[in-house]
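Examining the three-dimensional arrangement
Chain by chain, the residues:
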Amino acid sequence: MSTLQRLAVRILGAAALVALAAGCAAPGSVASSAPEPSGLGFTRYPGAVQWPSESDWVPPREGIQHLVPAGTCVLGLGTYANGYRNVTANWIGTPDCHRLRITTDHDTQHGDGAPGVGNGWGGSGLASGAAATLPGGGTLSAHSDLRARHRDGTVTTLADLGLPGERILGEGGDTGRADALAVLADGRILVGGGTIIGSATTPLLWISDTGGRTVRRVALPAPGPAAARSSWVESIATDHDTVIAFGGGSVGGARSQPILPVWRSADAGRTWSVSVVTGIPELFRVVSVVRAGGRWVAVGTTNVRYTPGSAVLTSADGVHWAPGTPMGRGEVSAATVDASGELVLTGSEQRGTLSEPAGARGNPRSCGLVWTGDGVGPWRRGELGCGDSRPQAAVTLPGGRVLIASNRDLWIRTTSAP
């Protein structure tokens with residue numbers, strides 16, 4: 001073979017490698033496809049979200065969990081399955097917000113991984129317990145401590161919440177974490193969470209007047225003997241100086257009817273009152289509390305007779321709550337309020353299993369859903385398409401766009417729903 005022929009072979013080989021690399025998605029990524037129309041005015045961007053796992057499977061409710069406005073797009077907070085455990089991961093959007101990519105380079109040289117291997121990525125960024133936008137820009141997160149991500153991408157650790165460490169799956173021990181976070185217009189920060197010490201569960205609330213550098217505990221009034229066992233503060237919503245904080249787990253009240261505590265403050269969290277919501281569906285778990293249409297709306301999941309579903313509660317004053325309009329089939333996972341003040345909810349419904357090789361166990365086939373309305377009138381319902389990853393997070397950007405994200409796909413609505 002001549003020198004010229006050898007050179008030609010090398011060039012062709014290099015070109016083949018480039019083509020192969022371009023056509024194959026590395027672990028933690030996925031090839032994207034052309035955008036396509038979806039329900040209620042949304043456009044679907046298949047494969048636009050970097051896949052949060054070393055394998056083709058992500059544990060339920062892991063992966064991308066929160067979306068917070070950042071720059072012209074969003075910052076996503078969640079977890080990455082590195083082959084041994086779920087580690088902290090953040091996603092950042094492209095300027096046009098058509099793709100979300102994990103903010104750090106994927107490094108397989110160090111970190112966690114399968115026992116004895118040690119080649120998984122160790123994670124980085126803001127933890128996924130709860131997140132909010134800081135006045136003037138930047139993102140705040142709460143988990144076992146408070147952390148701020150600045151506009152230049154640097155992360156600062158702020159106050160430690162003094163919680164016991166999280167339990168390792170399958171092991172006992174005390175645990176605690178923050179699940180709710182709100183930043184008022186004057187910069188005051190409210191953090192909600194709780195602890196499980198032995199068999200006792202305690203709801204907790206912290207306030208910071210120093211931008212998160214220090215926090216102080218606030219005593220919440222007890223809702224009564226039965227509801228006092230109701231896990232932790234799971235969701236916080238604000239409207240000027242009024243704050244609503246929902247308890248995070250229904251417990252048996254009179255005759256084993258499920259009940260939920262709701263704490264309310266009219267002075268930006270300085271003092272609190274408590275009420276108890278009764279008549280809620282079985283295993284009602286609050287996903288989000290928002291202010292929409294001049295009322296408070298609590299959106300949550302249910303599990304009535306082992307069938308997952310969704311329900312909403314509405315209130316004019318944050319004290320007296322009533323069932324909202326039924327949502328029909330599907331399990332809600334996130335809520336936002338669009339620029340017109342209308343609720344946008346997203347979730348999914350399992351419809352069979354995905355195709356698998358003969359003899360393999362089929363993975364659930366998740367079909368994305370979106371609802372719009374005010375919680376009192378009829379819901380408008382749309383389909384977002386089916387696949388192996390359900391919609392898990394939603395946010396409204398200052399310009400009016402509404403974004404929904406799963407662990408694979410992204411949906412964007414640029415105008416109000418028809």
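Report follows, based on the coordinates. (Residues numbered from 1 in each chain as written. Predicted model: local features only at pLDDT ≥ 70, side-chain atom pairs only at ≥ 80, totals over all residues. Heavy atoms only, no water.)

**Some remarks on the pattern of salt bridges**
This is how the line gets drawn: Salt bridges are defined as contacts in which a side-chain nitrogen from Lys or Arg sits within 4 Å of a carboxyl oxygen from Asp or Glu. Here a strand is any run of E in DSSP of at least two residues, a helix any run of H or I of at least four, and the numbering for each starts at the N terminus.
If you walk through the whole model with that rule in mind, you get 17 salt bridges. Of the charged contacts, one joins Asp239 and Arg291 as a salt bridge, the two residues approaching to 3.5 Å between their closest N and O atoms. Here the residue Asp239 occupies a position in strand S15 (residues 233–239), and Arg291 occupies one in strand S20 (residues 285–292), the gap between them amounting to 52 residues.

**Digging into the sheet that holds strand S30 (residues 410–413)**
What counts here: Paired strands are those between which DSSP finds at least two bridges.
A sheet is described by the order of its strands in space; here five strands give the open sequence S1-S2-S30-S29-S28, paired in antiparallel fashion. Of all strands in the sheet, those bounded by a partner on one side alone are strand S1 (36–37) and strand S28 (393–396). Bridging between S28 and strand S29 (residues 402–405) involves four bridges; their strand directions are antiparallel. The residue bridging Ala394 from the neighbouring strand is Ile404, located in S29.

**Observations regarding the nonpolar core**
Nonpolar side chains tend to gather and get buried jointly when the protein is soluble and globular. Note the following rule: Within this scheme, the nonpolar core is defined by two criteria: the residues are buried Ala, Val, Leu, Ile, Met, Phe, Trp, Tyr or Cys, and they are joined through side-chain atoms within 4.5 Å. With a 1.4 Å probe rolled over the protein chains alone, any residue whose accessible area is under 20% of its type maximum counts as buried; one over 50% counts as exposed, and the rest are partly exposed. The contact criterion used throughout is that any non-hydrogen atoms of two residues lie within 4.5 Å.
If you look at the biggest cluster of nonpolar residues, it comprises 22 residues, and the most contacted ones within it are Leu67, Val74, Trp91, Leu100, Leu403, Ala405 and Leu410. If you list the elements that add at least two residues to this core, you get strand S3 (64–70), strand S4 (73–81), strand S5 (86–93), strand S6 (100–102), S28, S29 and S30. Setting aside residues no more than four positions away along its own chain, Leu410 makes contact with Thr43, Arg44, Tyr45, Ala48, Val49, Cys97, His98, Arg99, Leu100, Leu403, Ile404 and Ala405. Listed in part, the 16 residues of the second largest apolar core include Ala148, Leu161, Val191 and Leu204.

**Describing the side chain of Ser128**
Structurally, the position occupied by Ser128 is in the loop between S6 and strand S7 (130–133). Among all residues touching Ser128, those that are not within four sequence positions of it are Gln65, His66, Leu77, Gly78, Thr79 and Arg177.

**Structural notes on the packing of aromatic side chains**
This is how it is decided: In this scheme Phe, Tyr and Trp rings, the latter by its six-membered ring, pair at centre separations within 6.5 Å, and the angle between planes marks the pair as stacked below 30 degrees, edge-to-face above 60, and tilted otherwise.
Within the structure shown, the criterion is met by two aromatic pairs. Residues Tyr80 and Trp121 carry aromatic rings whose centres are separated by 5.4 Å and whose planes lie at 80° to one another, so their mutual orientation is edge-to-face. Remark: Trp121 occurs in the loop between S6 and S7 and Tyr80 occurs in strand S4; sequence separation between them is 41 residues. With relative accessibility at 1%, the residue Tyr80 sits in the buried group. Ring geometry for Phe246 versus Trp321: centroids 5.0 Å apart, planes at 75°, classification edge-to-face. With a gap of 75 residues between them, Phe246 in strand S16 (residues 242–247) and Trp321 in the loop between strand S22 (307–315) and strand S23 (322–323) connect regions that are remote in the sequence.

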